[in-house]
Number of protein chains: 2
Amino acid sequence: MKFNFDNERPIYIQLVEQLRIGILTSEFGIGEKIPSVRDLAMLAKVNPNTMQKALAELEEEKLIYTERTNGKFVTKDVKLINNIRDNLAKEKAYEFFSNMKKIGMDENKTIDYLRELIK
Amino acid sequence: MKFNFDNERPIYIQLVEQLRIGILTSEFGIGEKIPSVRDLAMLAKVNPNTMQKALAELEEEKLIYTERTNGKFVTKDVKLINNIRDNLAKEKAYEFFSNMKKIGMDENKTIDYLRELIK
DNA sequence: TTCATTGTATTACTTGCATAATACAATAAT
DNA sequence: ATTATTGTATTATGCAAGTAATACAATGAA
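What to know about the overall build of chain A
Moving on, step 1. Regarding its fold elements, chain A presents five helices and three strands.
Moving on, step 2. Ordered by position from N to C terminus, the α and β elements of chain A give α-β-α-α-β-β-α-α.
Moving on, step 3. Rg of the C-alpha trace for chain A: 17 Å, well past the compact-globule value of 14 Å for 119 residues, more than 25% over.
Moving on, step 4. Counting only C-alpha atoms, chain A reaches 55 × 35 × 25 Å along its principal axes.
Moving on, step 5. The burial tally for chain A puts 36% of its 119 residues in the buried class.
Moving on, step 6. Residue pairs in contact within chain A that sit at least 24 positions apart in sequence constitute 48% of those at least 6 positions apart.

Description of the sheet that holds strand S3 (residues 71-74) of chain A
Residues and elements named next belong to chain A.
Moving on, step 1. Reading across the sheet, the three strands line up as S1-S3-S2 and stay open at both edges, with antiparallel pairing between neighbours. If you trace the sheet from one side to the other, it starts and ends with strand S1 (33-34) and strand S2 (64-67), each paired once.
Moving on, step 2. One ladder, built from two bridges, connects S1 with S3; its direction is antiparallel. Looking at the pairing, Lys33 lines up with Phe73 of S3.
Moving on, step 3. Sitting on the sheet, helix H3 (residues 48-60) is in contact with S1, S2 and S3, with an inclination near 110° to S2.

A closer look at the protein's contact with DNA strand D
Moving on, step 1. Surrounding DNA strand D, one finds 20 residues, the nearest of these being Lys72(A), Pro10(B), Ile11(B), Asn49(B) and Thr69(B).
Moving on, step 2. The share of sugar and phosphate among atoms of DNA strand D within 4 Å of the protein is 63%.
Moving on, step 3. Taking Lys72(A), its side chain carries an N or O atom lying 2.8 Å from a phosphate oxygen of DNA strand D.
Moving on, step 4. Asn47(B) places a main-chain nitrogen or oxygen 3.2 Å from a phosphate oxygen of DNA strand D.
Moving on, step 5. Of all the secondary-structure elements, those providing two or more residues to the surface near DNA strand D are helix H2 (37-44), H3 and S3 of chain A together with helix H1 (11-24) and helix H3 (48-60) of chain B.
Moving on, step 6. Looking at the surface near DNA strand D residue by residue, the class counts come to four nonpolar, eleven polar and five charged.

Quick word on the interface of chain A and chain B
Moving on, step 1. Taken residue by residue, the interface counts 26 residues in chain A and 26 residues in chain B.
Moving on, step 2. With both chains or domains summed, chain A and chain B bury close to 2,300 Å², and 78% of this area falls on carbon and sulfur atoms.
Moving on, step 3. If you sort the residues of chain A by the area they bury against chain B, Ile103(A), Ile111(A) and Ile118(A) come out on top, with a joint share of 23%.
Moving on, step 4. Viewed at the interface, chain B and chain A are joined by zero salt bridges.
Moving on, step 5. Between the two partners, chain A and chain B, sit two residue pairs in polar contact (both at pLDDT 80 or more).
Moving on, step 6. Secondary structure elements with two or more residues in the side of chain A that touches chain B: helix H1 (11-24), helix H4 (78-102) and helix H5 (107-117) of chain A.
Moving on, step 7. Counting residues per element, the side of chain A that touches chain B draws most heavily on H4(A), which supplies 13 residues.

Looking at the domain arrangement of chain A
All names here are of chain A.
Moving on, step 1. Taken domain by domain, chain A comprises domain 1 (11-76) and domain 2 (79-117).
Moving on, step 2. Contacts between domain 1 and domain 2 engage ten residues on the former and five residues on the latter.
Moving on, step 3. At the boundary of domain 1 with domain 2, total buried surface from both sides reaches about 610 Å², with 81% on carbon and sulfur atoms.
Moving on, step 4. Our count for the contact surface shared by domain 1 and domain 2 stands at zero salt bridges.
Moving on, step 5. Scanning the region where domain 1 abuts domain 2 turns up one residue pair in polar contact (both at pLDDT 80 or more).
Moving on, step 6. At four residues, the largest contribution of residues to the side of domain 1 that touches domain 2 is made by H1.
Moving on, step 7. In the side of domain 1 that touches domain 2, the residues fall into six nonpolar, one polar and three charged.

Details of the relation of the copies chain A and chain B
Moving on, step 1. In screw terms, the move from chain A to chain B is a rotation of 180° and a rise of 0.1 Å along the axis, fitting with an RMSD of 0.2 Å. Classification of the inter-copy transformation places it as that of a two-fold axis.
Moving on, step 2. Looking at the interface residues of chain A, 100% of them are also at the interface in chain B, so both copies use one shared face.

Topic: the protein's contact with DNA strand C
Moving on, step 1. Taken together, 21 residues form the shell around DNA strand C, and within it Pro10(A), Ile11(A), Thr50(A), Thr69(A) and Arg38(B) come nearest.
Moving on, step 2. In the interface set of DNA strand C, defined as its atoms within 4 Å of the protein, sugar plus phosphate atoms amount to 56%.
Moving on, step 3. Separating a phosphate oxygen of DNA strand C from a side-chain N or O atom of Lys72(B) is a distance of 3.1 Å.
Moving on, step 4. If you list the elements that add at least two residues to the surface near DNA strand C, you get H1 and H3 of chain A together with helix H2 (37-44), H3 and strand S3 (71-74) of chain B.
Moving on, step 5. For the surface near DNA strand C, a count of residues per class yields five nonpolar, eleven polar and five charged.

Thresholds, definitions, all that
- Residues numbered from 1 in each chain as written.
- Chains lettered and ligands numbered in written order.
- Predicted model: local features only at pLDDT ≥ 70, side-chain atom pairs only at ≥ 80, totals over all residues.
- Heavy atoms only, no water.
- Helix = DSSP H or I, 4+ residues; strand = E, 2+ residues; numbered from the N terminus.
- Rg over C-alpha atoms; globule rule 2.2 N^0.38 Å.
- Buried < 20%, exposed > 50% of the residue type's maximum accessible area, 1.4 Å probe, protein only.
- Contact = heavy atoms within 4.5 Å.
- Pairing = 2+ DSSP bridges.
- Axes fitted to C-alpha atoms, helices over the stretch in contact; angles between N-to-C directions.
- Near = heavy atom within 4 Å.
- Polar contact = N/O pair within 3.5 Å; in protein donor to acceptor, adjacent residues only side chain to side chain.
- Nonpolar A, V, L, I, M, F, W, Y, C, P; charged D, E, K, R; others polar.
- Buried area = accessible area lost by both parts, 1.4 Å probe.
- Salt bridge = Lys/Arg side-chain N within 4 Å of Asp/Glu carboxyl O.
- Domains from an automatic or database assignment.
- Least-squares fit on C-alpha atoms with pLDDT ≥ 70 in both.

In structure tokens, the structure reads:
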């Protein structure tokens, strides 16, 4: 796992995003144990408290669960993972459409624009 | 001009974005005088300083210019406006592709996905 | 000349974030 | 039993960003 941060937004938010992606892309496999809070903190070069805060959010959305004194694990709920991935995709897509609409492109124009862009 | 804010990001940043859109979509016409700092602040229900900060950013990117003691005006540089609109579109598009790539969709899959989404 | 309106500058307050330093609790491993 | 490792909680501190309150400066209008 490789972490990268910008200075625009809180570190812990970016940690949540990147860890979430790690799960959605199976970098952290289903049901697998993830590294300890302290280890992840070292890896990301952040304070353990900051990492803890990020992991708490992921736990709230059920992507990970805790076995006290044993560690944290990726959920075994494949459906949940797929749902979250799908929702994320939809959210990004609608957000993108909305952005483009604001500068005068409707959905079809936007799609045409993308086609052209990758040529 | 109608302003809307979320609690995620600084107000002044959102002001910049929304004012910029207002110019790109000709809600504020080319060369036109825009309302005074205080009036805009009242309109958006923010502190004049917050509005001032937003306007300063727009001035830095040359979308507006100031006639001291007279007011602020939208640039008369049509090319600049078009450039900024084009860059904004490109930026949003690449950002979107990047987001989708992270969850496993390449450019072509992404475009197919959008086609399906608007059906 | 006086006043109202414009943009601008200064200063201060508040809050959120990140970090730090510890401490506690539970349990698996030795 | 002891130790090491796990997650969790608490408290404090520093810092930067955002916002607010106020005052200043310039100029056109009355």
